[in-house]
Amino acid sequence: MSVLITGGAGYIGSHTSVELINAGYEIIVVDNFSNSKPEAIKRVQEITHKIFKFYEIDILDKEKLEKVFLENKIEAVIHFAGLKAVGESVKIPLRYYKNNITGSLILCEVMQKFGVKRIVFSSSATVYGDTKQLPICEEATLSATNPYGRTKLMIEKILNDLYISDKQWSIALLRYFNPIGAHESGRIGEDPKGIPNNIMPYITQVAAGKREKLSIYGSDYATHDGTGVRDYIHVVDLAKGHLKALKKVEENTGINAYNLGTGIGYSVLDVVKTFEKTTGQTIAYILTYRRPGDIDACYADMQKAFRELGWKAEKTLEDMCTDSWRWQVNNPNGY
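Residues numbered from 1 in each chain as written. Predicted model: local features only at pLDDT ≥ 70, side-chain atom pairs only at ≥ 80, totals over all residues. Heavy atoms only, no water.

Visitor: How would you summarise the packing of helix H7 (residues 199-207) against helix H9 (residues 268-279) if you had to cite specific residues and measurements?
Guide: Direction vectors running N to C along H7 and H9 enclose 40°, while the axes themselves pass 11 Å from each other. Between H7 and H9, the crossing angle belongs to the class labelled oblique. By crossing handedness, the relation of H7 to H9 is classed as right-handed. For the pair H7 and H9, contact is made by Ile-199, Met-200, Ile-203, Thr-204 and Ala-207 and by Val-268, Val-271, Val-272 and Phe-275, respectively. (Axes fitted to C-alpha atoms, helices over the stretch in contact; angles between N-to-C directions. Helix = DSSP H or I, 4+ residues; strand = E, 2+ residues; numbered from the N terminus. Parallel < 35°, antiparallel > 145°, perpendicular 65-115°, else oblique. Left-handed = near helix turned anticlockwise from the far one by under 90°. Contact = heavy atoms within 4.5 Å.)

Set out below in structure tokens:
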């Protein structure tokens, strides 16, 4: 099967590309490098020993996207492309709405034009908002608390309406919790531009001496140590979840949402302490103010993904820390 991967040079996209190639899929990757680098594509080819087609385009450019579909026999799409930082989305909401929603609409229009009706969508646990239900199951009330989450929720609704209008579509909505870690080779990993928005690259950069200290946003949450609790999942486990979802959309029509997490909640301080223990590094940190839109705790009910996809996360928090540190040491300046 030939699969188009939008945003395939990104953190999750590059790891999923590796898993797809290793599983025998033919992939075509598009990316505009707004939050990724061309070197990631080379590293994926190096790891897999496979050359694949790559297009440097923005999916907002409908004409160029149609050219990709014209030149390739695409049978399914995994849609990663989008802006993804919660804090940034609060500061520049219009850019998030335009990029994420309009880009997804254009992609769906082009897919429809070329008769490609299988899609795995990169959604987010942020669609659950500040839910009080823990662990969070897929049937929980949807209500995002920030512009990033709202873009994901709106795209989910668009895809749901698309299926209602045409029952030939097969759609998987993958609601990620908090991906961290890196490929065990140390060749691909998370490479944020500027100041990291996510916890693990910030921790590894402090450990490497690139940053003075970690700022922990909020110490008065209703959690066991006052810091926010999240469901951290190894990016390779997450990537493998996409293979299972792809199998699902290959075999069945319909639209289904699946949580991708571990089902375990760890606080920010839990992550810091585990990183220190597994790597022998000391992390300097300060406790500071909460960020707008952040919630106390968020971790997944994983029964549906296990039951319907036959998938569950296998790697531990220690694995996530070890692999993240290996990536940092091997790539002190990123790609």
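Resuming the write-up.
Visitor: Requested: an account of the environment of Ile-27, with residues and values cited.
Guide: In this structure, Ile-27 sits in strand E2 (residues 26-31). In sequence terms Ile-27 and Ala-76 are 49 residues apart; their C-alpha atoms lie 9.8 Å from each other. In this structure, Ile-27 is in contact with Val-3, Ile-5, Ser-17, Leu-20, Ile-21, Phe-52 and Lys-53, ignoring residues within four places of it in sequence.

Visitor: So, the side chain of His-234: which residues are in play, and what are the values?
Guide: Along the chain, His-234 turns up in strand E10 (residues 232-234). From its side chain, His-234 meets the backbone nitrogen of Val-236 in a polar contact 3.1 Å long. Each residue touching His-234, except ones within four places of it in the same chain, is listed here: Ile-180, Gly-181, Ala-182, Lys-315, Asp-319, Met-320 and Asp-323. (Polar contact = N/O pair within 3.5 Å; in protein donor to acceptor, adjacent residues only side chain to side chain.)

Visitor: Give me unusual backbone geometry: which residues, what numbers.
Guide: Across the junction of Leu-134 and Pro-135, the peptide omega takes the value -5°, indicating a cis bond. Of note in this structure, Phe-33 is not a glycine but carries a positive phi near 60°. With respect to the secondary-structure elements, Phe-33 resides in the loop between E2 and helix H2 (38-48). Phi is positive for His-49, which is not a glycine, with a value near 60°. Tracing the backbone through its elements, the reader meets His-49 in the loop between H2 and strand E3 (53-56).

Visitor: Lay out the packing of aromatic side chains in plain terms, naming residues and giving numbers.
Guide: One pass over the structure, following the stated rule, counts 6 aromatic pairs. With a centroid separation of 5.9 Å and an interplanar angle of 85°, the aromatic rings of Phe-275 and Trp-325 are classed as edge-to-face. Residue Phe-275 is found in helix H9, and its partner Trp-325 is found in helix H11 (residues 317-330); the two are separated by 50 residues along the sequence. The positively charged end of Lys-304 is found above the aromatic ring belonging to Tyr-258, 5.0 Å away from the centroid. (Phe/Tyr/Trp six-rings, centres within 6.5 Å; stacked < 30°, edge-to-face > 60°. Lys NZ or Arg CZ within 6 Å of the ring centre and 35° of its normal.)

None of the figures reported here should be taken as evidence of function without further support.
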